[in-house]
Protein chains: 2
Amino acid sequence: MNATEAATAVGSVGLVTPQRIAIEQPLPLDCGRTLPRHELMVETYGTLNAQRSNAILICHALSGDHHAAGFNSADDRKPGWWDNCIGPGKPLDTERFFVVALNNLGGCRGSTGPATIDPQTGKPYGPDFPLLTVRDWVRSQALLTDHFGIARWAAIVGGSLGGMQVMQWAIDFPDRLANAVVIASAPQLSAQNIAFNEIARQAILSDPEFHGGRFYDHGVVPSRGLKLARMLGHITYLSDAAMRAKFGNDLKAAPTFNFDVEFEVESYLRYQGQSFVDRFDANTYLLMTKALDYFDPARDFDDHLEAAFERTAARFLVIAFSSDWRFSPARSREIVKALVDAGRDVSYALIESQLGHDDFLMPIPHYHDVMRGYLHRIACAFEAAGDGVSA
Amino acid sequence: MNATEAATAVGSVGLVTPQRIAIEQPLPLDCGRTLPRHELMVETYGTLNAQRSNAILICHALSGDHHAAGFNSADDRKPGWWDNCIGPGKPLDTERFFVVALNNLGGCRGSTGPATIDPQTGKPYGPDFPLLTVRDWVRSQALLTDHFGIARWAAIVGGSLGGMQVMQWAIDFPDRLANAVVIASAPQLSAQNIAFNEIARQAILSDPEFHGGRFYDHGVVPSRGLKLARMLGHITYLSDAAMRAKFGNDLKAAPTFNFDVEFEVESYLRYQGQSFVDRFDANTYLLMTKALDYFDPARDFDDHLEAAFERTAARFLVIAFSSDWRFSPARSREIVKALVDAGRDVSYALIESQLGHDDFLMPIPHYHDVMRGYLHRIACAFEAAGDGVSA
């Protein structure tokens, strides 16, 4: 099936054109600086109803972007990163909802970020681009929300780092979202999570071709470091059992007694690492890992997560995956417990799964059924109020 | 307490002088090459009895060496790496046993290895040094055994990669060891274990200062790569909970919005990485990780581990640690099951622990009691036969 066939198949949003949206309001950042303006790449799927009550915002994870569903051209080999979940009749049903996906500020897919030309110097910002927090992203996304004239999202949905943005939204803008769907996430990184991030950063920072973040000026990229960082990430995205099931752990042939690929998992990691270098910016990767490390909504509330959640008004759906060891179900239960302690309305689903953290991107029937059911009730509510999308 | 005081305290083997032992017999290797001669650095503790029946061999793990107990000089700040377990009255009781520890072939502590001068070129072997297998080490250790005139070890003991050597000994030289003590080990690496090794190797191999393994000739070391490799190793040596207990996961101060150390675990990893660079050889590290990847005693027996173990004659003690996720208790149970299926005599102890894989180096009372009890019965047997060490 090629892109044209897939795009016209049942359930696809089809061909999509990304939009570049200029946010002209100043954006104050947690680091103390203010961005006078910034641009965000956005895709939308479905139709915003007249009451603007059927909008869902998708927050992306570490390496995600605005291209969440459909195809950007007839030549595309693969659809957007969450195509299995977004489309007509899919859990995020574009016949009922207006779905917005963006590339976050600091990203490398067209939104303002480290690789953007700094108008003051005529060169890419590089290391002069500010490090960001999840709070900064949410503030930027709130300005985007204004741009769309949306007073209140029907739901904000995100997995992993995206789930952190959802929680921060619910805390910082309680009246601007009705539902918060937090998938495979955590209320704060563990020391081990931070350790992985630190090694990924050191791999990039110590690459001689990083040039202090000004590699653009040298016509190179810190490919060795970025490749190592990505390989390391992949270890945390898969469970040990899934790696074994996918790749086995037997030699492909007799030992070579050199450093060529001898195990399937080595090919996989080298391929994943290399293909990431070709499509991702090293400064953005550093920025994303720091945003993860900094995320800790309890910090502003004397380390009491439930106090942070007392600020929220949304209904919550928290989803965890049994095989996820990056953000294990125990981390989701911390979120659920704090929400319950705060007296908030929360549903929790533990999905039996095999793959690991990456399962949040997979079309696991139980997972999609939970999302579908939850979002169906939301749609029924605004449709009953006469706010449906006119056919 | 300084080294002199510590060395004279109860339980210490005191000052120890390492020996360099030349093995003049040719050593055929699994890669097909033969080393005409090699040298091994060795330390011994206690006294070999007249019947040579009280000898214990210690096989070291990835970064271990021959300096397992006591002090090499009065200025030493720290004793050998397993000092808490080896000494008078300790589990490996040097008043009853003669304990031998070596630096494996390919090591970087004085045994013949990649940093050794190749007599044919007058330069370090570097990448010309052969990659080795656990089988090669065991063959080398068997020649060392001949050197000591020991027909049969009372026990061979090792943790992690050391435990793999113990298993290989029992399979390849069944009549040359009475007891096999396999601690925190695995019958073969998992795909995830291999993935970690592959990333560590790529970090070293891709460091521009690696120079294809001939960095010695350039007066540099691939410090960035070796540092990353070691940091990564440390993630696998500690449990997530232990990392959190040791370092917490809160910022040390307000966010800096740069890449300075902001979390305790970052300081720890950077320190561990740097100190490793100062004391370890990058080619040895590569060689050790390949030996780990290659270890798979079942491979020669149609992937039937129990068939491999049918070759053994030793009694086995297998010890695992509850918090170890590098080589989890499930991996030890695979070993135990295969030994049971092979009809062998095996004791298994699961030690409740907190730290992770590193626990095999810790003086956990239950762990040391199990070892002490097991070795006590061995000593009682040869002492009852009149083979004790004369006072």
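Every value quoted in this text rests on a predicted model; they were computed, and no experiment measured them.

Definitions and cut-offs
Residues numbered from 1 in each chain as written. Chains lettered and ligands numbered in written order. Predicted model: local features only at pLDDT ≥ 70, side-chain atom pairs only at ≥ 80, totals over all residues. Heavy atoms only, no water. Helix = DSSP H or I, 4+ residues; strand = E, 2+ residues; numbered from the N terminus. Contact = heavy atoms within 4.5 Å. Buried < 20%, exposed > 50% of the residue type's maximum accessible area, 1.4 Å probe, protein only. Domains from an automatic or database assignment. Buried area = accessible area lost by both parts, 1.4 Å probe. Salt bridge = Lys/Arg side-chain N within 4 Å of Asp/Glu carboxyl O. UniProt positions renumbered as here; feature names shortened; annotations may be inferred.

## Let's talk about the side chain of Glu266(A)
Counting through the fold element by element, Glu266(A) comes out in helix H7 (residues 264-277). Setting aside residues no more than four positions away along its own chain, Glu266(A) makes contact with Asp260(A), Val261(A), Ile194(B), Glu198(B), Arg201(B), Lys290(B) and Asp293(B).

## Structural notes on unusual backbone geometry
Phi at Arg52(A) is positive, roughly 55 degrees, even though this residue is not glycine. For Arg52(A), a relative accessible area of 38% translates into the label partly exposed. Positive phi outside glycine occurs at Phe257(B), with the angle close to 55 degrees. Along the chain, the position of Phe257(B) falls in the loop between helix H6 (240-247) and helix H7 (264-277).

## Some points on the domain arrangement of chain A
Residue and element names in this part refer to chain A. Taken domain by domain, chain A holds domain 1 (3-188 + 297-384) and domain 2 (192-294). Placing the centre of domain 1 and that of domain 2 at their C-alpha centroids yields a distance of 25 Å. Listed by partner, the interface residues are 35 residues for domain 1 and 29 residues for domain 2. Contact with domain 2 buries area across many residues of domain 1, yet Leu62, Trp325 and Arg326 alone supply 25% of it, more than any other trio. The tally of links from domain 1 across to domain 2 stands at 1 salt bridge. In this structure, Arg214 engages Asp128 in a salt bridge whose closest nitrogen and oxygen atoms are separated by 3.2 Å.

## Overview of the UniProt feature "active site" (unreviewed entry) in chain A
Residues and elements named next belong to chain A. Sequence positions flagged by UniProt for "active site" (unreviewed entry) are, in local numbering, Ser160, Asp324 and His357. Spatial clustering of the annotated residues is evident: they stretch over 198 residues in sequence, but the largest pairwise C-alpha distance comes to 10.7 Å. Its place among the elements puts Ser160 in the loop between strand S11 (155-159) and helix H3 (161-172). Leave out the neighbours within four places in its chain, and Ser160 touches Ala61, Ile183, Ala184, Ser185, Arg326, Phe327, His357 and Phe360. Tracing the sequence through the fold places His357 in the loop between strand S14 (346-351) and helix H11 (365-384). Judged by relative accessible area, His357 falls into the buried class, the value being 2%. Every residue in contact with His357, bar those within four places of it in the chain, is listed here: Ser160, Ala184, Thr236, Tyr237, Asp324, Arg326 and Phe327.

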